[in-house]
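# A structural walkthrough
So you can see what is in the structure, the chains are spelled out below.
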Amino acid sequence: MASSNKNSIENLIAASNSLRVSLEKSKALGLALQKSGPRLEEISQRLPSLEAAVRPIRADKDALGAVGGHINRAVGPAAAVLKVFDAVHGLEKSLLSDPRNDLPGYLSVLKRLEEALRFLGDNCGLAIQWLEDIVEYLEDNAVADNRYISNLKKSLKNLRELQNDEERVRLDGGLLEAALDKLENEFRRLLTEHSVPLPMSSSIGEQACIAPSPLPVSVIQKLQAILGRLIANNRLEKCISIYVEIRSSNVRASLQALDLDYLEISISEFNDVQSIEGYIAQWGKHLEFAVKHLFEVEYKLCNDVFERIGLDVWMDCFAKIAAQAGILAFLQFGKTVTESKKDPVKLLKLLDIFASLNKLRLDFNRLFGGAACIEIQNLTRDLIKRVIDGAAEIFWELLVQVELQRQTPPPQDGGVPKLVSIITDYCNKLLGDDYKPVLTQVLVIHRSWRHKKFQERLLVDEVLKIVKAIELNLETWMKAYEDATLSYMFAMNNHWHLFKHLRGTKLGQLLGDSWLREHEQSKDYYAAVFLRESWGKLPSHLSREGLILFSGGRATARDLVKKRLKKFNESLDEMYKKQSNWVVPEKDLREKTCQLIVQAVVPVYRSYMQNYGPLVEQDTSSSKYAKYSVQSLENMILSLFQPKPGRYGSFKGRSPSGKFNNGVSDLRRTASAVV
């Protein structure tokens, strides 16, 4: 029994263990089955790719054999393009450095970049085309999977779009543009550092005109080398812009010390040419300096820097520099002068302008003769025409102006009219060595424009007519005085003026010695008549008649002396009062005239007072009769005929059309027109 129970328990235990083992195996099997699911799924997913991988094995034998050659032909150019592309990126460090450190090396690297980019530009399209061909072959012969071919087509399409969109994405990633920008900056730096304004003072003399030295040869060579690369990349216009900006600024800086603000003056800012004649004299010197010593340098430098590019380029560059540096302002100032009111002084200033331009004619033709300088040429031609027309018109109107002044009243002080003093001096200048050749040339040109021949004596004959008209004016004015004595003084003054101021001059030589002597003699004649008819009558009031023997007694003698002194004083005061407003402009004639008056009056007065003065000096009213001492009388006479300050200004002519002044109403002045 016990043995049977023992066996039963062992069996139960064995069954239990067997069941536990079976459960554990079932659990392990379950876990194994659970793990096999993903693997089966992975195998299921890999089956298509495995199928694609073995597809070439199932492909046509001939097509499969030929695919290798197609792939090699397509991959070869593509590999070469990739190799060059890698080389481009290898140049990046050198091209992003500063060119000034090694300009030749920088330019050499840049040239390599340009060559590489040209290779890429020429071969990228070819490589893409060959790759497209092999993809098409693979697709046609079912050698590759459709998804694989689709991805290849998408990639090749992107490459083709990038190639066609060059402006948006460059093959070099913008490296070439960055390098060219650095070259432009180096071009600017070289110009800026070696463009130094010419130091000078506002006073330009012949010794001060020293042309600035051009750029060093080494700098010019660097500029030319930079230009070569920039031009090859279509950046010439930018180079010219930089060059013009810096060099024109340099010229302006050189001219700044000359104080050229007057070039901007407008016609409304001055009354007449005489008020700016100082500027006109400066203008000629400044223009000559600018042309010969600044623009000349720029002309040569443009040629040196841009000569390899062509004549049109460097001439256009120079034209822009000249225009921006200020040559147009010089020409505009000349035009402003020609537009001012006409008067005789303006003729001389126009001749000065013409002489300055004519002196620079060859320089202008050489520097500004190209097609690029057409604006400068037009302005210059217009200025020359205005100057010649204006000068000729004023000259031919001079005679008319003198004749028109004849109807105006003579000067109230008996002096020399401004017309006489200015026109005689004026005509003498026109015949002088400075102006006669210039005026002759102007008249020759002016008449040639009108198809008229210039006669050799035309200028001289016109001046003689003007002098003759002045003489006729003097005769007319002399007759216009109501006071004959004043007319004698007027004649004396003007005959002496003509003699003194024309003797030894070009005009005096033209008129001749006999003409001069005639005016000298006329001066002496009218001086004598003036003295006789005025001051020469005073001594007659100091008669000694009835006083020599005191025949009527002392009281009678005293009364006679009082009466005669009173008459003398009254006549003296009246004459002095009247003639104190008269003038003798020439100092030598004034002193001589006063001395003649003193000699005619003072000795007689001195003798009379010495002999008969005591008769009235003790009288309580003696101051009424012994009014003047001998010395005070002499001083009073010597103080006569002094010119008034500002009395002799410029002559303002007139014409029937009012061209010489603002209008006819302003011309019909009284004595101020000629005094």
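Residues numbered from 1 in each chain as written. Predicted model: local features only at pLDDT ≥ 70, side-chain atom pairs only at ≥ 80, totals over all residues. Heavy atoms only, no water.

The secondary structure content of the chain amounts to 26 helices and zero strands. Each of the 675 residues in the chain was classed as buried or not, and the buried ones make up 43%. Excluding contacts between residues fewer than 6 apart, the proportion of contacts in the chain whose partners are at least 24 apart in sequence is 83%. (Helix = DSSP H or I, 4+ residues; strand = E, 2+ residues; numbered from the N terminus. Buried < 20%, exposed > 50% of the residue type's maximum accessible area, 1.4 Å probe, protein only. Contact = heavy atoms within 4.5 Å.)

Once that is clear, we can look at helix α25 (residues 630–638). Leu-633, Met-636 and Ile-637 are the residues of α25 that are buried. Around the axis of α25, the buried residues are gathered within 95° of arc, so they sit on the same side. (Arc of directions from axis to C-beta.)

Moving on, we get to the nonpolar core. Counting residues in hydrophobic clusters, the biggest one holds 161 residues, and the most contacted among them are Tyr-243, Phe-295, Phe-368, Trp-535, Leu-633 and Phe-641. Filtering out sequence-adjacent residues up to four positions away, Trp-535 remains in contact with Phe-530, Leu-572, Met-575, Gln-579, Ile-597, Val-601, Ile-637, Leu-640 and Phe-641. (Core = buried A, V, L, I, M, F, W, Y, C linked by side-chain atoms within 4.5 Å.)

Here the structure, examined in full by the defined rule, presents 32 salt bridges. The shortest N-O distance in the salt bridge between Arg-366 and Asp-363 comes to 3.4 Å. Placement of the pair is Arg-366 and Asp-363 together in helix α14 (residues 361–367), with a separation of three residues, close to one helical turn. Judged by relative accessible area, which is 12%, Asp-363 ranks as buried. A single network of salt bridges, built from pairs that share partners, joins Glu-177, Asp-181, Glu-184, Arg-235 and Lys-238. (Salt bridge = Lys/Arg side-chain N within 4 Å of Asp/Glu carboxyl O.)

Here the focus is unusual backbone geometry. Of note, Asn-234 is a non-glycine position whose phi angle comes to about 60°, a positive value. When you line up the elements, Asn-234 lands in the loop between α8 (217–232) and α9 (236–256). A positive phi is found at Asp-259, a non-glycine position, where the angle reads about 55°. Relative to the helices and strands, Asp-259 is located in the loop between α9 and α10 (277–306).

Where helix α21 (residues 513–533) meets helix α23 (residues 587–617), the axes come as close as 11 Å, and the angle between the chain directions of the two elements is 40°. Judged by the inter-axis angle, α21 sits oblique to α23. As α21 runs across α23, the sense of the crossing is right-handed. For the pair formed by α21 and α23, the contact residues are Lys-523, Phe-530 and Leu-531 on the first element and Leu-589, Lys-592, Thr-593, Leu-596, Ile-597 and Ala-600 on the second. Tallied by class, the residues present in the contact of α21 with α23 amount to six nonpolar, one polar and two charged. (Axes fitted to C-alpha atoms, helices over the stretch in contact; angles between N-to-C directions. Parallel < 35°, antiparallel > 145°, perpendicular 65-115°, else oblique. Left-handed = near helix turned anticlockwise from the far one by under 90°. Nonpolar A, V, L, I, M, F, W, Y, C, P; charged D, E, K, R; others polar.)

The next subject is the packing of aromatic side chains. One pass over the full model with this rule turns up 17 aromatic pairs. Ring centres of Tyr-262 and Phe-333 lie 5.3 Å apart, and the angle between their planes is 80°; this geometry places the pair in the edge-to-face category. Here Tyr-262 is found in the loop between α9 and α10, whereas its partner Phe-333 is found in helix α12 (residues 327–338), with 71 residues between them in sequence. Residue Tyr-262 is classed as buried on the basis of its relative accessible area, which comes to 5%. Between Phe-395 and Trp-396, the ring centres sit 5.0 Å apart and the planes meet at 70°, which makes this aromatic pair edge-to-face. The exposure class assigned to Trp-396 is partly exposed, which follows from its relative accessible area of 26%. Grouped by ring-pair contacts, the aromatic residues Phe-295, Tyr-299, Trp-314, Phe-318, Phe-364 and Phe-368 constitute a single cluster. Note that Arg-366 overlies the ring of Tyr-299, its terminal NZ or CZ placed 5.9 Å from the centroid. (Phe/Tyr/Trp six-rings, centres within 6.5 Å; stacked < 30°, edge-to-face > 60°. Lys NZ or Arg CZ within 6 Å of the ring centre and 35° of its normal.)

So, about the side chain of Thr-380. Relative to the helices and strands, Thr-380 resides in helix α15 (residues 374–404). Among all residues touching Thr-380, those that are not within four sequence positions of it are Leu-331 and Phe-364.

Relative to the assigned elements, Leu-383 resides in helix α15. Overall, the relative accessible area of 1% leaves Leu-383 in the buried class. Ignoring anything within four residues of it in the chain, the contact list for Leu-383 reads Leu-331, Gly-334, Lys-335, Thr-338 and Leu-357.

Moving on, we get to the environment of Gly-228. Mapped onto the fold, Gly-228 is located in helix α8. A sequence separation of 81 residues divides Gly-228 from Ile-309, and the C-alpha atoms of the two residues are 8.9 Å apart.

Turning our attention to the state of the cysteines. One pass over the structure, following the stated rule, counts zero disulfides. Among the cysteines around Cys-373, which has no disulfide bond, Cys-302 carries the closest sulfur, lying 9.8 Å off. (Disulfide = S-S within 2.5 Å.)

Where helix α16 (residues 418–430) meets helix α19 (residues 484–502), the axes come as close as 11 Å, and the angle between the chain directions of the two elements is 20°. For the element pair α16 / α19, the angle class is roughly parallel. As α16 runs across α19, the sense of the crossing is right-handed. Between α16 and α19, the contacting residues are Val-420, Ser-421 and Thr-424 on the first element and Asn-494, His-497, Leu-498 and Leu-502 on the second. For the contact of α16 with α19, the per-class residue count stands at three nonpolar, four polar and no charged.

Turning our eyes to something else, we now look at the confidence of the model for the chain. Residues at a pLDDT of 70 or more form 68% of the chain, whose mean pLDDT is 79. In the model, residues 648–675 has pLDDT below 50 throughout and makes 85 contacts with residues more than four positions away in sequence or in other chains. (pLDDT = per-residue confidence, 0-100.)

The next subject is the environment of Arg-229. Structurally, Arg-229 is set in helix α8. Put simply, Arg-229 and Lys-111 are 118 residues apart on the chain and 7.8 Å apart in space, counted from C-alpha to C-alpha.

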